[in-house]
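# Close look at the chain arrangement
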Amino acid sequence: MRKKIIAGNWKMNKTPSETVKLIEELKPLVKNDDVDVVFCVPAISLTTAMEAAKGSNICIGAENMFYEESGAYTGEIAPNMLTDIGVKYVIIGHSERREYFAESDVTVNKKVLKALEHGITPIICCGESLTQREQGITIDWIRQQIKIAFLNVTAEQAATTVIAYEPIWAIGTGKVATTEQAQEVCAAIRECIGELYGEATAEAIRIQYGGSVTAASAPELFVQPDIDGGLVGGASLKPDFGKIVNYNK
Ligand code: 13P
């Protein structure tokens, strides 16, 4: 049985001091033993967030990471900078990073490999645009994203990763994918992982849905057979996130 994983992606929101306040506020609300709870916060707040989350069930994740160990990469964050402060998760290849910071499937693959090498769990994002959905190429597109993201990743490593299916047209738009649409693509992702690595890996890997998840939509989404939780943007910054984490109560 896969344990659910529900992560907040704070994106470019909250200062370090606001981070402490929000974690204090959410801490009592996000207790649920059935769920792994992750807060992915801006790099500047990681240390503060780690401190604030101490002793709680909240794991802290980063929103990005570079694929080199160190060196002349102004503005980037190395994997050992994350592990040094105890960060366990990192979002890789979010569509906003692909759109605004020119991340490609190839850089996503490099980052995934590097994160795994350092024992950080990558939350690997994939998703189609509205045009692609309308063209009927959603599944083909996602399969390609997955195949490139997992190049040279072993089956053993793949089983530990998290994939977030985030249709771009559903992000921040209030337009949540229907349960059927989300389940269909998450099932296709699991099938693709099965083709690459076999049944056991496909059964082990956790696949999230992301895109305008709210306390109202979470319960139906998260009980789908191939949806193992969510990657939540806007609603992760509010007390509502507690309800999302407790979708099964
Ligand atoms: P929203 O929940 O704000 O649509 O954001 C989804 C997302 O991009 C999470 O990574």
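### Concerning the overall build of the chain
- For the chain, the count of helices and strands is 12 helices and 8 strands.
- Its C-alpha atoms give the chain a radius of gyration of 17 Å, near enough to 18 Å, the size a compact globule of 249 residues would have.
- Across the chain, every contact between residues at least 6 apart in sequence was considered, and the portion connecting residues at least 24 apart equals 74%.
- As presented, the chain carries roughly 11,000 Å² of accessible surface, and 54% of it is formed by carbon and sulfur atoms.
- Looking at charge distribution, the chain has the averaged site of its 24 positive side-chain charges lying 4 Å from that of its 32 negative ones.

### Digging into the site of the ligand
- Surveying the vicinity of the ligand reveals the residues Asn9, Lys11, His94, Glu166, Ala170, Ile171, Gly172, Gly211, Ser212, Leu231, Gly233 and Gly234.
- The contact in question runs from an oxygen atom of the ligand to an N or O atom on the backbone of Gly234, over 2.8 Å.
- Among the residues forming the shell around the ligand, the class breakdown is 3 nonpolar, 7 polar and 2 charged.

### Topic: the sheet that holds strand β2 (residues 35–41)
- Spatial strand order, β1-β2-β3-β4-β5-β6-β7-β8: 8 strands in a closed barrel with parallel pairing. Neighbouring strand axes in the sheet, compared pairwise and without regard to direction, differ in orientation by 30° on average.
- Of the strand pairs in this sheet, strand β1 (residues 4–9) and β2 are connected by 6 bridges, and their pairing is parallel. Along β2, the bridge assignment pairs Ala7 with Val38.
- Sheet contacts for helix α2 (residues 46–53): β2 and β3 (58–62); angle to β3, the most-contacted strand, approximately 175°.
- Where helix α7 (residues 138–149) meets the sheet, it contacts β5 (121–126) and β6 (162–165), and its direction lies at approximately 150° from that of β5.

### Thoughts on the environment of Ala62
- Here Ala62 lies in strand β3.
- Sequence separation between Ala62 and Asn9 is 53 residues; the distance between their C-alpha atoms is 8.9 Å.
- Discounting chain neighbours no more than four positions away, the residues touching Ala62 are Cys40, Val41, Leu46, Leu82, Val87, Tyr89, Val90 and Ile91.

### Remarks on the packing of helix α1 (residues 16–26) against α2
- Two elements in contact, α1 and α2, have axes whose closest approach is 9 Å; the angle formed by their N-to-C orientations is 25°. In terms of orientation, α1 and α2 fall into the roughly parallel class. Where α1 crosses over α2, the handedness of that crossing is right-handed. In this structure, α1 uses Pro16, Thr19, Val20, Ile23 and Glu24 to contact α2, whose residues at the interface are Thr48, Ala49, Ala52 and Ala53.

### A few points about the pairing of β2
- Burial within β2 is extensive, with 6 of its 7 residues counted as buried.
- Once the chain exits β1 it traverses α1 before rejoining the sheet at β2, and the crossover so formed is right-handed.
- Note that β2 and β3 share 5 bridges and pair parallel. Pairing of Cys40 across the sheet is with Gly61, part of β3.
- At this point the chain moves from β2, through α2, to the parallel β3, and the crossover so formed is right-handed.

### Some points on the side chain of Glu166
- Structurally, the position occupied by Glu166 is in the loop between β6 and α9 (179–197).
- Among the polar contacts listed, one links the side chain of Glu166 to the side chain of His94, at a separation of 3.0 Å.
- Those residues in contact with Glu166, other than ones at most four positions away along the chain, are His94, Cys125, Cys126, Gly127, Glu128, Ile171, Gly210, Gly211 and Leu231.

### What to know about unusual backbone geometry
- At Lys11, a position not held by glycine, the phi torsion is positive, near 55°.
- Position of Lys11 among the secondary structure elements: in the loop between β1 and α1.
- In this model, Ala102 sits at a positive phi of 55°, which is unusual for a non-glycine residue.

The rules we used
- As a convention, each chain's residues are numbered from 1 in the sequence order in which they are written.
- For a predicted model such as this one, the threshold for reporting local features is a pLDDT of at least 70, and the threshold for listing and counting side-chain atom pairs is 80 or more; totals across whole chains, interfaces and linings nevertheless cover every residue.
- Excluding hydrogens and water, the side-chain values take into account all heavy atoms of the structure.
- Where helices and strands are cited, they refer to DSSP runs of H or I of at least four residues and of E of at least two residues respectively, numbered from the N terminus.
- Radius of gyration here uses only the C-alpha atoms, and the compact-globule reference equals 2.2 Å multiplied by the residue count raised to the power 0.38.
- Note on definitions: a residue-residue contact is assigned when non-hydrogen atoms from the two residues lie within 4.5 Å.
- Here, Shrake-Rupley sampling with a 1.4 Å probe gives the accessible areas, and only protein chains in the shown set may cover a residue.
- Counting rule applied: Lys, Arg positive; Asp, Glu negative; His and chain ends not counted.
- Lysine's charge is taken at NZ, arginine's at CZ, aspartate's at CG and glutamate's at CD.
- We call a residue near a given molecule or strand whenever any one of its heavy atoms falls within 4 Å of it.
- As used in this structure description, the phrase polar contact means that two N or O atoms lie within 3.5 Å; if the pair is within protein, one of them must be able to donate a hydrogen and the other to accept it, and residues adjacent in sequence are counted only when both atoms belong to side chains.
- Each residue is assigned to one of three groups, with Ala, Val, Leu, Ile, Met, Phe, Trp, Tyr, Cys and Pro labelled nonpolar, Asp, Glu, Lys and Arg labelled charged, and all others, Gly among them, labelled polar.
- Two strands are counted as paired when DSSP detects at least two bridges linking them.
- What counts as an axis is a line fitted to C-alpha atoms, over the stretch in contact for a helix, and the angles between N-to-C directions run from 0 to 180 degrees.
- These descriptions rest on fixed angle ranges, namely under 35 degrees for roughly parallel, over 145 for roughly antiparallel, 65 to 115 for roughly perpendicular, and the rest for oblique.
- In a left-handed crossing the near helix is turned counterclockwise from the far helix by less than a right angle, and in a right-handed crossing that turn is clockwise.
- Categorising residues by exposure relies on relative accessible area from a 1.4 Å probe, with only protein chains included: less than 20% of the type maximum marks a residue as buried, more than 50% marks it as exposed, and the intermediate range marks it as partly exposed.
- Handedness rule for crossovers: strands pointing away from the viewer, path from the first strand over the helix to the second running clockwise, crossover right-handed.

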